[in-house]
Amino acid sequence: MSRVSLIPFKVEKVLNDTKVVPPGIELIEAPSLWEAGYSGEGTVVAVLDTGCDTDHIEFKDQIIDGFNFTTDDNGEATNYEDYNGHGTHVCGTVAAAENGEGVIGVAPKAKLLVIKVLSGQGYGDTKWVTDGIHHAIKWRGPNNEKVRVISMSLGGRIDTPELHQAIKQAVEENILVVCAAGNEGDGNHDTDEYAYPGAYPEVVQVGSVNLDEEISDFSNTNCAIDLVAPGEEIISTYLNNGYAVLSGTSMATPHVSGAAALLIEQCEREFERTLTETELFAQLIKRTVSLNFSRRAQGSGILKLTSGLVSKTEEPMISALEK
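Residues numbered from 1 in each chain as written. Predicted model: local features only at pLDDT ≥ 70, side-chain atom pairs only at ≥ 80, totals over all residues. Heavy atoms only, no water.

1. Some remarks on the UniProt feature "active site" (unreviewed entry) in the protein chain
As a reminder, the rule being used: UniProt positions are given in the numbering used here, feature names are shortened, and annotations may be inferred rather than shown by experiment. Here a strand is any run of E in DSSP of at least two residues, a helix any run of H or I of at least four, and the numbering for each starts at the N terminus.
Mapped onto this structure's residue numbering, the UniProt feature "active site" (unreviewed entry) falls at Asp49, His86 and Ser250. Across 202 residues, the annotated set stays spatially compact, with a maximum C-alpha separation of 10.1 Å. Along the chain, Asp49 turns up in strand E3 (residues 44-49). Within the secondary structure layout, Ser250 lies in helix H6 (residues 249-271).

Next up, the structure:
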């Protein structure tokens with residue numbers, strides 16, 4: 001059985017408390033959607049990671065359910081506590097609550113399905129991840145809710161058919177699968193670095209930029225990158241009811257997962273129907289702004305939830321007579 005692990009990340013700083021809208025969330029313009037009345041309400045995001053600090057004040061009303069597929073706590077299925085910190089940080093960027101203290105997530109009224117597929121040491125069997133994806137597909141909430149987004153900030157060097165098939169099934173079930181590109185980048189945008197499941201064509205592969213909108217040196221580059229989001233010096237929730245500043249494509253990924261929850265609420269309210277996975281992906285890409293980097297590094301560009309859409313709609317249209 002092959003192994004997967006956390007996408008390598010860097011802990012910049014650990015804090016006991018804070019009170020801030022994280023700069024990365026400002027950068028992707030999530031507050032503009034909050035002001036318009038969209039906060040991800042009604043959407044369930046499954047986070048496949050090291051679990052979550054379930055006692056954290058930011059998750060009091062955010063976690064709808066969870067499951068443990070690892071050997072931590074003797075494999076107790078209902079214990080999905082985080083002994084690493086990575087999963088808690090990711091969960092906070094997706095959906096930390098708006099409670100007037102600490103931090104706020106991209107989609108503060110979305111619900112989190114915490115699926116623990118990596119141990120406290122930060123690694124796990126590929127089977128744990130595959131089983132976690134199948135669990136997310138089959139899961140139903142107390143009001144028959146379904147998972148709409150899967151967020152995975154993990155990866156390995158080996159292309160595993162069983163993992164790939166599980167992702168294909170999730171997409172067929174109308175679930176958007178968002179994955180980190182990986183942190184093996186060498187700073188050369190002409191070289192290829194691949195991590196799986198991020199490199200699978202069915203997923204949304206997310207690269208990283210810093211807060212100055214420059215491609216992170218560590219961010220993998222390849223022809224399958226879909227878009228980039230903030231992944232350096234990202235502040236979010238951490239162990240022991242605390243907060244931390246972390247860097248990595250692992251941190252960029254939940255910005256996109258949370259944004260997908262916002263867009264599900266916004267677009268489905270406007271269209272008065274359920275979006276397909278393909279349509280949701282298109283709505284994400286419509287809200288990107290191209291940076292001065294190759295597509296191998298940035299994909300379609302950086303996620304900008306309002307100005308990205310404006311820049312697309314203001315592009316001049318050319319009629320047949322003008323060609």
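2. Side note on the environment of Glu268
Counted only if it meets this: Categorising residues by exposure relies on relative accessible area from a 1.4 Å probe, with only protein chains included: less than 20% of the type maximum marks a residue as buried, more than 50% marks it as exposed, and the intermediate range marks it as partly exposed. Should any heavy atoms of two residues lie within 4.5 Å, those residues are considered in contact. In protein, a polar contact means a hydrogen-donor-capable atom and an acceptor-capable atom, both N or O and within 3.5 Å, with residues adjacent in sequence counting only if both atoms are side-chain atoms; elsewhere, any N or O pair within 3.5 Å suffices.
Positionally, Glu268 belongs in helix H6. Classification of Glu268 as buried rests on a relative accessible area of 17%. Distance from Glu268 to Trp34, taken between C-alpha atoms, is 16 Å for residues 234 residues apart in sequence. Once residues lying within four places of it in the same chain are set aside, the contact partners of Glu268 are Arg148, Leu263, Arg273, Thr274 and Leu275. Only 2.9 Å separates the side chain of Glu268 from the side chain of Arg148, close enough to count as a polar contact.

3. Some points on the packing of helix H3 (residues 86-95) against H6
Heads up, the rule is: To define axes, lines are fitted to C-alpha atoms, for helices over the stretch in contact only, and angles between the resulting N-to-C directions are given on a 0 to 180 degree scale. Note: crossing handedness is left-handed where the near helix turns anticlockwise from the far helix by less than a right angle, and right-handed where it turns clockwise. Each residue gets one label: Ala, Val, Leu, Ile, Met, Phe, Trp, Tyr, Cys and Pro are nonpolar, Asp, Glu, Lys and Arg are charged, and the others, such as Gly, are polar.
For the pair H3 and H6, interaxial distance at closest approach is 8 Å and the crossing angle is 35°. With respect to the hand of their crossing, H3 and H6 are arranged in right-handed fashion. Where H3 approaches H6, its residues His86, His89, Val90, Thr93 and Val94 are matched on the opposing element by Ser250, Met251, Pro254, His255, Ser257 and Gly258. Each residue belonging to the contact of H3 with H6 can be placed in one class, and the counts come to four nonpolar, seven polar and no charged.

4. Description of the UniProt feature "domain: Peptidase S8/S53" (unreviewed entry) in the protein chain
In the numbering adopted here, UniProt assigns the feature "domain: Peptidase S8/S53" (unreviewed entry) to residues 40-300. The annotated region residues 40-300 carries 28% helix and 22% strand content, and the separation between its end C-alpha atoms amounts to 24 Å.

5. Details of the nonpolar core
To keep things clear, this is the line we draw: Residue types Ala, Val, Leu, Ile, Met, Phe, Trp, Tyr and Cys, when buried and joined through side-chain atoms within 4.5 Å, form a set referred to as a nonpolar core.
Ranked by size, the top nonpolar core spans 46 residues in total, and within it Leu112, Val206, Val256, Leu303 and Leu305 carry the most contacts. Residue contributions to this core peak at ten residues, all from H6. Beyond its immediate stretch of four places on either side in the chain, Val256 contacts Val178, Val204, Val206, Leu227, Ala229, Leu284 and Leu303. Core analysis: the second largest hydrophobic core is formed by 31 residues, Val44, Ala136, Val171 and Tyr200 among them.

6. A short note on the pattern of salt bridges
To keep things clear, this is the line we draw: A side-chain nitrogen of Lys or Arg and a carboxyl oxygen of Asp or Glu constitute a salt bridge if their distance falls within 4 Å.
Inspection of every chain in the model, using the stated rule, returns seven salt bridges. Across the pair Arg269 and Glu265 runs a salt bridge, and its minimum N-O distance is 2.9 Å. Linking Arg269 with Glu265, this pair stays in helix H6, spanning four residues, or about one helical turn. Classification of Arg269 by relative accessible area gives partly exposed; the value is 47%. Using a relative accessible area of 10% as the deciding quantity, one classes Glu265 as buried. Between Arg273 and Glu279 there is a salt bridge, with the nearest N and O atoms lying 2.8 Å from each other.

7. Digging into the side chain of Asn183
Within the secondary structure layout, Asn183 lies in the loop between strand E9 (176-180) and strand E10 (204-209). For Asn183, a relative accessible area of 15% translates into the label buried. At 2.6 Å, the side chain of Asn183 and the side chain of Thr249 are in polar contact.

8. Brief notes about the pairing of E9
Heads up, the rule is: Pairing between strands is defined by DSSP: at least two bridges between the two strands are required.
By the criterion of burial, E9 is predominantly enclosed, with five of the five residues buried. Along E9, one buried face is formed by Leu176, Val178 and Ala180 and the opposite face, lined by Val177 and Cys179, is buried too. Here strand E7 (residues 147-152) pairs with E9 via four bridges, running parallel. Residue pairing in the sheet places Met152 in a bridge with Cys179 of E9.

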